[in-house]
Amino acid sequence: SQKIEQNSEALNIQEGKTATLTCNYTNYSPAYLQWYRQDPGRGPVFLLLIRENEKEKRKERLKVTFDTTLKQSLFHITASQPADSATYLCAPPRGRGSTLGRLYFGRGTQLTVWP
Amino acid sequence: EPEVTQTPSHQVTQMGQEVILRCVPISNHLYFYWYRQILGQKVEFLVSFYNNEISEKSEIFDDQFSVERPDGSNFTLKIRSTKLEDSAMYFCASADRGGETQYFGPGTRLLVL
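Residues numbered from 1 in each chain as written. Chains lettered and ligands numbered in written order. Predicted model: local features only at pLDDT ≥ 70, side-chain atom pairs only at ≥ 80, totals over all residues. Heavy atoms only, no water.

S.K.: Got a minute to help me understand the nonpolar core in this structure?
M.R.: Of all hydrophobic cores here, the largest spans 23 residues; its most connected members are Leu33(A), Trp35(A), Phe75(A), Tyr88(A) and Leu111(A). Elements supplying a minimum of two residues to this core: strand 2 (10-14), strand 3 (19-26), strand 4 (32-38), strand 5 (45-51), strand 7 (62-67), strand 8 (72-77), strand 9 (86-91) and strand 10 (109-114) of chain A. For this core, the element with the most residues is strand 3 of chain A, which contributes 4 residues. Membership of the second largest hydrophobic core comes to 22 residues, among which are Leu21(B), Ile26(B), Phe75(B) and Tyr90(B). (Core = buried A, V, L, I, M, F, W, Y, C linked by side-chain atoms within 4.5 Å. Buried < 20%, exposed > 50% of the residue type's maximum accessible area, 1.4 Å probe, protein only. Helix = DSSP H or I, 4+ residues; strand = E, 2+ residues; numbered from the N terminus.)

Encoded structure:
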């Protein structure tokens, strides 16, 4: 069955450093993958979508890569700030060719940026 | 910026009671979803809804659950006879014509006693 793994449950970094979060998936090949941010007690907030034919996508201080050979996506936050502290979720769709499909969420990585 | 809204924000109910969770998706969106998140666990898919019918449902979405879009703007999730294990945060989401990016509401925290 399809499986989503995020590199660690928690990542602690100092303000100003780059945070790198990893998402690995197995047993399928999604056509795209999304990253969401979730704050405690709140709904996931969409950040970025990257397609299989895009190696990299950027939005302000965020960068996502998608390596279909390694079955891995990396999510980077440059010049991190304490306000970036949250749980970050990797979410590919159920399968290829379906725009109606459920999203599979990983457990998420809880990022803490300390001053 | 348009957003998905959900009511109520919190709901406490007794086991065996019926609850209805309400959502107002983003107005021009065509695809609608319910997810849930038990405290400390992953966000889990429950059901997707398109063109006035369920398009996909998970194994969690059994006969106790139903969804409806009664009036073209609201999207509801009904749990007929709540169980203790239904206690969770329930999120509604919607997606536009492209159907890829799903935008989530703030959630309803359901507590079944």
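S.K.: Teacher, can you tell me more about the state of the cysteines here?
M.R.: One covalent bond between the sulfur atoms of two cysteine residues makes up a disulfide. All names here are of chain B. Under the criterion given, the structure shown has 2 disulfides over all chains. For Cys-23, the disulfide goes to Cys-92, at an S-S distance of 1.9 Å. Its S-S torsion of approximately -60° makes the covalent link between Cys-23 and Cys-92 left-handed. Here Cys-23 is found in strand 3 (residues 19-24), whereas its partner Cys-92 is found in strand 9 (residues 88-95), with 69 residues between them in sequence. When its relative accessible area of 0% is taken as the criterion, Cys-23 is described as buried. With a relative accessible area of 0%, Cys-92 lands in the buried category. (Disulfide = S-S within 2.5 Å.)

S.K.: Is there a simple way to explain the confidence of the model for chain A in this structure?
M.R.: Caution applies to low-pLDDT parts of the model: their predicted coordinates are not meant to be read in detail. The pLDDT averaged across chain A works out to 87; a share of 90% of its residues lies at or above 70. Of all secondary-structure elements in chain A, the lowest mean pLDDT belongs to strand 1 (residues 3-6) of chain A, at 70, while strand 10 of chain A reaches the highest, 96. (pLDDT = per-residue confidence, 0-100.)

S.K.: Teacher, can you tell me more about the interface of chain B and chain A here?
M.R.: Where the parts come together, the accessible area they lose is often given as the size of the interface. In this complex, chain B contributes 26 residues to the contact, which on the side of chain A involves 21 residues. Taken together, both faces of the contact between chain B and chain A bury some 1900 Å²; the carbon and sulfur share is 50%. Looking only at chain B, the three residues that lose the most surface to chain A are Lys42(B), Glu56(B) and Glu100(B), adding up to 30% of its buried area. The partner of Glu56(B) in a salt bridge is Arg102(A), with the nearest N and O atoms 3.1 Å apart. Between chain B and chain A we count 4 residue pairs in polar contact (both at pLDDT 80 or more) in total. Among the elements of the structure, strand 4 (31-37), strand 5 (43-50), strand 6 (53-57), strand 9 and strand 10 (103-104) of chain B are those that each provide at least two residues to the side of chain B that touches chain A. (Contact = heavy atoms within 4.5 Å. Buried area = accessible area lost by both parts, 1.4 Å probe. Salt bridge = Lys/Arg side-chain N within 4 Å of Asp/Glu carboxyl O. Polar contact = N/O pair within 3.5 Å; in protein donor to acceptor, adjacent residues only side chain to side chain.)

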